[in-house]
Amino acid sequence: MSEKTADKIVKTDAEWRQQLSDEQYRVARKHGTERAFTGSYWNNEDNGVYTCVCCGTPVFSSAHKFDSGTGWPSYWQPADPANVETQTDRSFF
């Protein structure tokens, strides 16, 4: 049973799996990533706002997008800093 607690959506794993595609679930819920140069937005030049696939919250604006050469969409600032959490990932090394 899903619920909303202090602006945070709480759902069971089964509910998230039902709502999201396999790749969306892996990326959004399990800290995965798309392969470089393959996602539908990495080379997208359309103007607009990118939103969270789980809750629809604005995350990034195309006005802040830049080409980092990495194969993933890159942004120099979030739409609202309160909507984005950053973490250092050293799992590769």
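This section reports on the structure supplied with the text. (Residues numbered from 1 in each chain as written. Predicted model: local features only at pLDDT ≥ 70, side-chain atom pairs only at ≥ 80, totals over all residues. Heavy atoms only, no water.)

1. Let's talk about the overall build of the protein chain
Inference 1: Within the protein chain, the secondary structure is distributed over two helices and six strands.
Inference 2: Secondary structure elements of the protein chain occur, N-terminal to C-terminal, as β-β-α-α-β-β-β-β.
Inference 3: Each of the three principal axes of the protein chain carries a C-alpha extent, and together these read 40 × 30 × 25 Å.
Inference 4: A burial count over the protein chain gives 16% of its 93 residues as buried.
Inference 5: Taking the intrachain contacts of the protein chain between residues at least 6 apart in sequence as the baseline, contacts between residues at least 24 apart amount to 30%.
Inference 6: Of the roughly 7,500 Å² of accessible surface on the protein chain, a fraction of 50% belongs to carbon and sulfur atoms.
Inference 7: Here the protein chain carries 10 positive and 13 negative side-chain charges, and the mean point of each set is 5 Å from the other. (Helix = DSSP H or I, 4+ residues; strand = E, 2+ residues; numbered from the N terminus. Buried < 20%, exposed > 50% of the residue type's maximum accessible area, 1.4 Å probe, protein only. Contact = heavy atoms within 4.5 Å. Areas by Shrake-Rupley, 256 points an atom, 1.4 Å probe, with all protein chains shown as cover. Lys, Arg positive; Asp, Glu negative; His and termini not counted. Charge placed at Lys NZ, Arg CZ, Asp CG, Glu CD.)

2. Comments concerning the side chain of Ser74
Inference 1: Looking at where Ser74 falls in the secondary structure, it is placed in strand β6 (residues 74-75).
Inference 2: Of note is the side chain of Ser74, whose polar atom sits 2.8 Å from the side chain of Ser68. (Polar contact = N/O pair within 3.5 Å; in protein donor to acceptor, adjacent residues only side chain to side chain.)

3. What to know about unusual backbone geometry
Inference 1: The phi dihedral of His31 falls on the positive side, at around 65°, and the residue is not glycine.
Inference 2: Inspection of the secondary structure assignment puts His31 in the loop between α2 (22-30) and β3 (49-51).
Inference 3: Positive phi outside glycine occurs at Phe37, with the angle close to 65°.
Inference 4: Note that Phe37 resides in the loop between α2 and β3.
Inference 5: For Phe37, a relative accessible area of 46% gives the class partly exposed.

These figures come from the coordinates and say nothing about function on their own.
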